[in-house]
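Residue strings, one per chain:
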Amino acid sequence: MGVNSVRRSIAQVELSKGQKAVLKTLVYHTFVALIGLGMIYPILWMLSASLKENADIWSNVDSLIPREIHLENYANGWKGFGDQSFATFYKNSFIYAGFGTLFQVTASAIVAYGFARVQFTGKRFWFALMLTSMMLPTQITQIPQYILFNELGWVNTFYPLLIPRLGGAPFFIFMIVQFIRGIPTELDEAAMIDGCTKGGIFFRIILPQLKPAVITAAIFSFYWTWDDFMTPLIYLNKPELYTVSVALRAFADPSSATDWGAIFAMSILSLLPVFIIIIFFQRYLVEGIATSGLKG
Amino acid sequence: MAETTISVTGSEAGIQKKPRSLFWRRRSRFQHNNLVGYLFISPWLMGFLLFALLPIVSSLVLSFTNYDVLRHHILKADWDYIGFDNFHRMFYDDFRYWKSVKATLRYVSYAVPLRLIFALAVAMLLNTKRRGVYLYRAAYYAPSVVGGSVAVAVMWRQIFGQEDGLINAILGVDIAWFGDPRYAMWTLISLAVWQFGSPMLIFLAGLRQIPPEYYEAAAIDGANAFQRFRKITLPLLTPIIFFNLVMQTIHGFQQFTQAFIVTGGRPLDRTLLYPLYVYNRAFVSFQMGYASAMSWVLLIVIAFCTAIVFATSRYWVYYQSDER
Amino acid sequence: MKSGKALIILVLLVALLAPATAAYGKQEKVELHITWWGSQTRHDKTIAAIELFETQNPNIDVIYEFSGWGDYWTLMTTKASGDNLPDVMQHDYAFMYEWYSRDLLMPLDEFIADGTINLADVPPALLESGQIDGKQYGISLGTNSQAMMLDLDAFEKAGVELPSPQWTWTEFEETCLKLHEALDIWCFGGTLEDEALWKSLYLGYGEWVFAEDNKSLGYDSDEHIVEFLNMILRLMDKGALPTEAEWAEYEDQGPENNPIVTGKAAMAYHWSNQVVAVANAAGEGRHFKLWHLPRPEGGQPENYVKPSMFFAIPASAKHPKEAAMLIDFFTNSLEANEILAAERGVPISTVVWEHLYESADPVQQEIFDFLARVTEDSSPVPPPDPAGWAEIRDNLYEPLFIDPVLYGEISPEEGAAAFREEANLVLSRNE
């Protein structure tokens, strides 16, 4: 009798464990999804505005549902200006953001390794200098930098946009430094004993473990570059070189009629590449890191 | 003889050599390390020396001049040195200056902590392998992607509108968010907090870097979720918390775009963030020398705050690589 | 390692691509650079007009660049710092003097004299505003004037008679209160705090806000502006005007957002070339009329015909003659102006004006008519804003004076006195 009742109670406990899990999942998803909706509400608002007729945007402000769907906002916006449609602007944005990200993140990882794992004289000084260089507002260095690039003859090319990126960015360098410092040094030491060079350690040991950091950096770099309008604005002086960010800002003018529907439509479209990149790279973040080699 | 000894490990071989060779070995390793170190940081170093150094130095020099972008050509050096006049004017004669200082301090002291707290909380929430979590992550990061565009400004102004705005509807109040000097700053703070996606992703990456074996081992030892958080997650996350704290502070002080497009510093300069005022002085009043001086003051303040955080980091930041 | 090699290859690729991009635009024809600001509508129209110009002048290649208003001056200032100014640039009344005083603009008189820029059909009054120290520095791209926009349906519904075009501010206040009481909406969408209204107010008293030598304010007594502000405060108190706090969210939101569109106000204040946007936003079935600004009791008209924007030629222009030809094209070509459709304001050439009038839609025609009425009944064009005006407008006029007064933090007298002191200080630095 006692054994059977114990058996029954165990069965009951196991059942509720399963139920508990389902309940947990339900609660989790509801909670997260609700807040998530709140987070993206403003974007939903933009999406709905992009489908509304211009007058409807202002008169029917709080409603997420357009009175009528006006897909021509997308067509009108896409036309761009003069002979340049958004296809051109997208191309330019991809060149800028794509190469810019590649250069910036690669360089940052390399530099970060130097700061994090190599002892050399002046390391502290340069690191502090690097951080300090971030503290000056960009509006101030803009003009001297423009004059510098002007003297080099780089105005109206992609040079000022891409070449400086080969130096990485203090933000990413610092970030990756912190990640590297979170990696235990046992593997490094083992590799050094086996005769591996610092460079080898970087490529074979550190880099694989830096996946989450590098991916995060890539996401940020892409998005920030995609969004940057000031640099392309002042250095790319032909409409056929404009990026999406520049084009969006040329849409609106308070003194003349603005096609708000088109602006919202193009803004939504401008979000798509970044979103796709995020969702795509998310998968790597989900997989986590391979923690081989720490055993024994 | 050391030279003929077959060494088991490189370091052992080194120890067995004669002292004088040891000195040279150490010295050459030292030089070797220097070379390697500089090689690794050369991309940044080159970039800095070529493209950043000159503009930074010239902005410092310009803060002691009356450089006026349109009137005086920077290369022809036909501007005048005016010593500390710019700084004097800033601190004593400029009534808008202190307003912008106050606004910026207020902004930073609210926006930075709130952003970090939300970012960490949500990162922990999303640090799971549940299905569809990557969609949630994208949704929580989405606001940051929207960034500082014209569309965002319009949309934000709609949401905080007095009559038809969503916020007033939810809170059940009738506040003129953009007109009331008491509340206008909250439109900017809320925008900053809404866009917590960046620090969140970084926290997420940090969380993902913590080897699951640690958690498993702790669970086996009987630790509950809270203990696991306190003893494993938090300590291992401190390098990232440190990073986010420093960066968010720096960015907080430099917040420009959102203020520029959403409030323009209004009303009554209550949201006149410092970089916005710098921009105003530089590109609207053309007083680039004065604006440079203002920027350097900002740099000093940010550097000071950052130095404090760095100094205290010894006591609360834990690096796995430092443990021997 | 693979990533290292890939990196090197990529860098080489960029290094090879870059010269190709940099080699853009190296041609034998005359390359004319032009910049302007605007919205998508204006960009499209201007580009179409430019292409027409290019077909008529095959040896000229026009390279254009444009932006929104918000970024335009940052862009141009940056270009100026690097001596990279275009051949033709769109300019604004508020900045003309600043640029002129720094020797950045080229006088156009020789091109006018030799007929490259043909101004025979332009009434001289419309050219005055582009003249500084007796020389012509800018050619107006369209005439503008300040308008009170009246919603005829609102007036009818409230049973309020339309005022006379020569109405006074006292009559304005009365009309305002009547409308507010009858309809329970704002009689006027705005706070009347625009600096243009301050300037116009003194024009109404026969004075100008700046002294002739531009070294100080041009009026001695703050009485008029104080009285004006008191009127605004009275109307705000009664709810006929929105308070500063209420108005804040409408500011800078573009003409489509003005309450007159949504029926929350019966009147609005706009420059005439913005009226099209407002009317379009309001949609069909609305009836608007453009009215003169009110004037002081027994005073002069407050309206004047102002250029909406100019084309100017920077002093560093590489092809001034062709630049002048382009300006002439925009001023006189009938086809070009059909394309441009008076989007920048009413064309200054009477020939073009008349040509467009026939095919204009009712809103446009009302604007044309309004400007004709104003030209009959207006004050002479005041001189361009002096150097230092940008400083005064952005750092003094609103932050130090108008905003605190209208928020009730200081009295109009205090505000006016503080403003006078600081503004005089800024202006005294002028040479």
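Residues numbered from 1 in each chain as written. Chains lettered and ligands numbered in written order. Predicted model: local features only at pLDDT ≥ 70, side-chain atom pairs only at ≥ 80, totals over all residues.

Asks: Lay out the overall build of chain B with the relevant residues and their values.
Replies: Looking only at helices and strands, chain B features 14 helices and zero strands. Helices (α) and strands (β) of chain B occur, in sequence order from the N terminus, as α-α-α-α-α-α-α-α-α-α-α-α-α-α. At 26 Å, chain B has a C-alpha radius of gyration far larger than the 20 Å of a compact globule built from 324 residues. If one aligns the C-alpha atoms of chain B with their principal axes, the spans along those axes are about 85 × 60 × 30 Å. (Helix = DSSP H or I, 4+ residues; strand = E, 2+ residues; numbered from the N terminus. Rg over C-alpha atoms; globule rule 2.2 N^0.38 Å.)

Asks: Tell me about the pairing of strand S2 (residues 60–67) of chain C, residues and numbers included.
Replies: Residue and element names in this part refer to chain C. The pairing of strand S1 (residues 30–37) with S2 spans eight bridges and is parallel. If you follow Thr35 over to S2, its bridge partner there is Glu65. Chirality of the crossover, the property in question, places the unit of S1, helix H2 (residues 40–56) and S2 among those that are right-handed. (Pairing = 2+ DSSP bridges. Right-handed = clockwise from strand over helix to strand, strands pointing away.)

Asks: I'd like a description of the interface of chain A and chain C, backed by residues and values.
Replies: At the junction of the two partners, chain A supplies 37 residues and chain C supplies 44 residues. At the level of secondary structure, the elements contributing two or more residues to the side of chain A that touches chain C comprise helix H2 (54–59), helix H4 (86–117), helix H6 (138–152), helix H7 (159–162) and helix H12 (230–235) of chain A. Examining the composition of the side of chain A that touches chain C, we find that five residues originate from one element, H6(A), more than from any other. Taken together, the residues of the side of chain A that touches chain C break down into 22 nonpolar, eleven polar and four charged. (Contact = placed C-beta atoms within 7 Å. Nonpolar A, V, L, I, M, F, W, Y, C, P; charged D, E, K, R; others polar.)

Asks: How would you sum up the nonpolar core? Please name residues and give values.
Replies: Membership of the largest hydrophobic core comes to 313 residues, with the highest contact counts inside it found for A:Ile173, A:Ile176 and C:Met149. Top contributing element to this core by residue count: H4(A), with 16 residues. Apart from residues no more than four positions distant in its own chain, A:Ile176 is found in contact with A:Ser108, A:Ala109, A:Ala112, A:Leu210, A:Ala213 and A:Ala217. (Core = buried A, V, L, I, M, F, W, Y, C linked by C-beta atoms within 7 Å. Buried ≥ 20, exposed ≤ 12 C-beta atoms within 10 Å, placed from the backbone.)

Asks: Would you mind going over unusual backbone geometry in detail, with residue names and values included?
Replies: Cis rather than trans, the peptide bond between B:Arg266 and B:Pro267 has omega equal to -5°. Looking at the secondary structure, you find B:Pro267 in the loop between helix H12 (257–263) and helix H13 (274–284). For C:Asp83, which is not glycine, the phi dihedral falls at a positive 60°. Mapped onto the secondary structure, C:Asp83 falls in the loop between helix H3 (69–81) and strand S3 (88–91). A positive phi angle is found at C:Asp133, which is not glycine, with a value near 55°. Structurally, C:Asp133 is set in the loop between strand S4 (131–132) and strand S5 (135–136).

Asks: Please set out helix H17 (residues 362–376) of chain C residue by residue, giving values where relevant.
Replies: For H17(C), built from 15 residues, the straight-helix expectation of 21 Å at 1.5 Å per residue is met to within 8% by its first-to-last C-alpha distance of 21 Å. Contact partners of the buried residues in H17(C): strand S7 (143–144), strand S8 (146–151), helix H13 (275–282), strand S11 (288–291) and helix H16 (350–359) of chain C. (Expected span 1.5 Å × (residues − 1).)

Asks: Can you explain the packing of helix H9 (residues 197–208) of chain B against helix H11 (residues 225–253) of chain B? Please cite residues and give values.
Replies: All names here are of chain B. In contact at an axis separation of 9 Å, H9 and H11 are set at 165° when each is read in the N-to-C sense. Classed by the angle they form, the pair H9 and H11 counts as roughly antiparallel. Judged by the sense of rotation from one axis to the other, the crossing of H9 with H11 is right-handed. On the side of H9, the interface is formed by Pro199, Ile202, Phe203, Gly206 and Leu207, while H11 contributes Leu237, Ile240, Asn244 and Gln248. (Axes fitted to C-alpha atoms, helices over the stretch in contact; angles between N-to-C directions. Parallel < 35°, antiparallel > 145°, perpendicular 65-115°, else oblique. Left-handed = near helix turned anticlockwise from the far one by under 90°.)

Asks: So what's going on with the confidence of the model for chain B? Which residues, and what values?
Replies: With 90% of its residues at a pLDDT of at least 70, chain B reaches an overall mean of 84. Predicted confidence is poor over residues 1–17 of chain B, with pLDDT under 50, and the contacts of this stretch with residues over four places away or in other chains come to eleven contacts. (pLDDT = per-residue confidence, 0-100.)

Asks: Break down the interface of chain B and chain A for me, with residues and values.
Replies: The interface of chain B with chain A comprises 82 residues on the first partner and 82 residues on the second. Breaking the side of chain B that touches chain A down by element, the ones donating at least two residues are helix H2 (19–62), helix H5 (133–146), helix H6 (150–159), H9, H11, H13 and helix H14 (288–316) of chain B. For the side of chain B that touches chain A, the element with the highest residue contribution is H2(B), accounting for 20 residues. Looking at side-chain class alone, the side of chain B that touches chain A contains 56 nonpolar, 20 polar and six charged residues.

Asks: Can you break down the domain arrangement of chain A residue by residue, with the values?
Replies: Residues and elements named next belong to chain A. As far as domains go, chain A holds domain 1 (2–70) and domain 2 (83–287). Between domain 1 and domain 2, the C-alpha centre-to-centre distance is 34 Å. If you look at the interface, domain 1 gives nine residues, while domain 2 gives seven residues. Listed by contribution, the elements that provide at least two residues to the side of domain 1 that touches domain 2 are helix H1 (2–51) and H2. Split into classes, the residues belonging to the side of domain 1 that touches domain 2 amount to four nonpolar, three polar and two charged. (Domains from an automatic or database assignment.)

Asks: Got a sec to walk through the domain arrangement of chain B? Specific residues and values, please.
Replies: Domain annotation for chain B reports domain 1 (2–62) and domain 2 (85–322). Centre-to-centre, using C-alpha coordinates, domain 1 of chain B lies 38 Å away from domain 2 of chain B.

Asks: Requested: an account of the sheet that holds S11(C), with residues and values cited.
Replies: Residue and element names in this part refer to chain C. Pairing is mixed across the open sheet formed by four strands, whose spatial order is S9-S10-S8-S11. Strands at the two margins of the open sheet, each flanked by one partner only, are strand S9 (186–188) and S11. Averaged over all pairs of adjacent strands, the angle between their axes in this sheet comes to 30°, without regard to strand direction. When S8 meets S11, the two strands line up antiparallel, connected through four bridges. When the bridges of S11 are listed, Leu150 appears paired with Lys289. Contacts from helix H8 (residues 169–183) reach S9 and strand S10 (265–271) within the one sheet, and its direction differs from that of S9 by about 150°.

Asks: Tell me about the environment of C:Thr77, residues and numbers included.
Replies: Among the secondary structure elements, C:Thr77 is positioned in helix H3. Not counting residues within four places of it along the chain, the set of residues in contact with C:Thr77 comprises B:Val69, B:Leu70 and B:Phe283.

Asks: Requested: an account of the sheet that holds S2(C), with residues and values cited.
Replies: Residue and element names in this part refer to chain C. Strand order in the open sheet formed by five strands is S2-S1-S3-S13-S6, and the pairing between neighbours is mixed. Edge strands, defined here as strands with exactly one partner in the open sheet, are S2 and strand S6 (138–140). Across the sheet, the mean angle from the axis of one strand to that of its neighbour is 25°, orientation sign disregarded. Note: S6 against strand S13 (residues 310–312), three bridges, orientation antiparallel. Bridge pairing in S13 places Ile139 opposite Phe311.

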